[in-house]
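The chain contents come next:
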Amino acid sequence: MLQTAHPVLRRFWYPLMPVSRLEAGPQPFTLLNTELVVWRGADGSLGAIRDRCCHRSAKLSRGYVEGNCITCAYHGWSYAADGQVMCIPQAAPEQQGKPTGLSIESYHVAERYGHVWVALEDPLSPIPEMPEAADAGMRRLDQFCEVWQCASLRVMENSFDTSHIAFTHRHSFGDITDVVQEALHFEETAQGFDVAERSHRAMNRTGAVAALRVEGEMTHRSQTAQWFMPFSRRLAIRYPSGLRCTFFTGATPIDDKTCMLVQFCFRSDTEEEVSFEAATAYDRIIVDEDRNILESMEYDVPLVPTREEEIAMRSDRPGLTIRRRLRELLAAHGETESRLRTVVPIAVSA
Ligand code: FES
Ligand code: CO
């Protein structure tokens with residue numbers, strides 16, 4: 001599936017960046033090949049419009065905020081959050097203060113969990129629910145917002161692929177002798193699916209003791225996770241010590257080959273117990289292990305792979321469900337999967 005080829009994917013909310021980045025002024029972002037600019041107006045509201053001035057095509061993200069508008073740095077045309085051109089400084093005196101009748105594309109924008117969220121067209125479902133955000137006993141840590149050279153779908157499948165942990169994470173929390181992790185519960189929902197798992201993890205290595213305050217070589221952890229169609233995940237982990245860590249991971253699609261990995265988490269401990277730096281240093285090791293593999297994979301993920309493309313196994317169930325649900329989503333909106341023309345066969349028939 002080429003993620004930019006499907007208009008229906010424009011109808012979901014995606015996290016772009018922590019809102020703190022807007023303190024430096026308007027910020028550009030490419031979402032599904034659409035270049036947009038986001039900014040915060042004087043009254044605190046957010047705007048998201050096309051990152052192209054309709055005068056001579058300068059990028060509005062090179063501009064500046066005036067009141068609630070964004071002003072082009074080339075000749076000073078200014079735009080409201082609904083995309084309307086509000087002011088053309090060079091217009092004739094009798095035109096000043098009158099509607100220009102000009103506008104460019106604007107997008108749905110929201111602030112949630114300290115992040116900017118955008119939907120390019122009317123969203124089909126709400127921003128994923130993170131109940132921890134309302135839990136006074138949990139703090140939020142904005143961990144990562146970085147470009148990965150892989151398809152969003154690969155990140156999502158990986159997020160629910162428990163059988164990679166033994167291998168990909170063999171130097172951190174994986175155990176190569178403990179390969180099969182069975183899900184306790186798997187249930188499809190309107191927005192995706194829920195899974196629950198109880199697992200043992202090697203926890204005596206690389207910062208886990210400092211980050212999670214675990215003791216002993218192995219620990220059991222209970223976790224539940226939700227997939228929110230198409231590219232968001234909530235993962236809630238409870239450790240025997242009582243520590244609760246809930247992660248949000250979004251693989252926001254930039255183009256077909258690239259996504260913005262946005263991860264923040266909520267933790268039930270305090271900054272004094274485990275600092276942001278210590279917690280994030282440990283999670284950095286883990287996401288880099290994933291990233292190393294994910295960036296090596298084909299970006300045109302087949303929703304229905306031929307045997308020459310990919311061969312599935314039992315533990316691929318969540319990923320296969322994601323692919324089926326995406327197929328159903330496309331079908332419900334009159335779309336069929338878009339693929340690269342040439343696919344290089346990688347498997348030989350037995
Ligand atoms: Fe933006 Fe001229 S290009 S005002
Ligand atoms: Co992983």
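Residues numbered from 1 in each chain as written. Chains lettered and ligands numbered in written order. Predicted model: local features only at pLDDT ≥ 70, side-chain atom pairs only at ≥ 80, totals over all residues. Heavy atoms only, no water.

## Describing the coordination of the cobalt ion (ligand 2)
Donor atoms from the polypeptide that bind the cobalt ion (ligand 2) are H164 (NE2), H169 (NE2), D290 (OD) and D290 (OD), placed at 1.9 to 2.6 Å. The site at the cobalt ion (ligand 2) holds four donor atoms, and with the angles between them running 57 to 150°, its shape is irregular. For the cobalt ion (ligand 2), all donor residues lie on one chain, and their spacing in sequence is H-x4-H-x120-D. Note that H169 is positioned in the loop between α2 (165-168) and β12 (185-188) and D290 in helix α4 (residues 276-294), a separation of 121 residues in sequence. Each member of the pair, H169 together with D290, is buried. (Donors = N, O, S within 2.8 Å, 3.2 Å for Na, K, Ca; no water. Tetrahedral: all angles 85-135°; square planar, octahedral: opposite > 155°, others 65-115°. Helix = DSSP H or I, 4+ residues; strand = E, 2+ residues; numbered from the N terminus. Buried < 20%, exposed > 50% of the residue type's maximum accessible area, 1.4 Å probe, protein only.)

## Quick notes on the nonpolar core
Of all hydrophobic cores here, the largest spans 76 residues; its most connected members are L9, L16, L36, V38, V116 and V118. Each of domain 1 (12-119) and domain 2 (131-295) contributes no fewer than three residues to this core. For L16, the residues in contact, after removing those within four places along its chain, are F29, L31, L36, V38, V116, V118, C145, T252, M260 and V262. Within the second largest apolar cluster, 12 residues are counted, among which are V37, W39, I70 and I88. (Core = buried A, V, L, I, M, F, W, Y, C linked by side-chain atoms within 4.5 Å. Domains from an automatic or database assignment. Contact = heavy atoms within 4.5 Å.)

## Let's talk about the packing of helix α1 (residues 152-159) against helix α5 (residues 317-332)
A pair of packed helices is captured by two measures, namely the crossing angle of their axes and the spacing between those axes. Orientation of α1 relative to α5, taken along the N-to-C sense of each, is 135°, at an axis distance of 8 Å. One finds that α1 runs oblique with respect to α5. Contacts between α1 and α5 involve L153, R154, M156 and E157 from the former and G319, I322, R323 and L326 from the latter. In terms of residue class, the contact of α1 with α5 is made up of four nonpolar, one polar and three charged. (Axes fitted to C-alpha atoms, helices over the stretch in contact; angles between N-to-C directions. Parallel < 35°, antiparallel > 145°, perpendicular 65-115°, else oblique. Nonpolar A, V, L, I, M, F, W, Y, C, P; charged D, E, K, R; others polar.)

## Here's the deal with the sheet that holds strand β8 (residues 85-87)
Ordered by their spatial adjacency, four strands build an open sheet running β5-β6-β7-β8, and the pairing between neighbours is antiparallel. Where the open sheet ends on each side, the last strands, each with one partner, are β5 (64-66) and β8. Where strand β6 (residues 69-71) and strand β7 (residues 78-79) come together, two bridges link them in antiparallel fashion. Residue pairing in the sheet places I70 in a bridge with Y79 of β7. (Pairing = 2+ DSSP bridges.)

## Observations concerning the environment of D122
Inspection of the secondary structure assignment puts D122 in the loop between β10 (115-119) and β11 (139-148). It is 43 Å that separates the C-alpha atoms of D122 and H171, two residues lying 49 residues apart in sequence. Excluding its chain neighbours within four sequence positions, the residues that come into contact with D122 are R11 and H108.

Take it as geometry only, folks, not as evidence of what the structure does.
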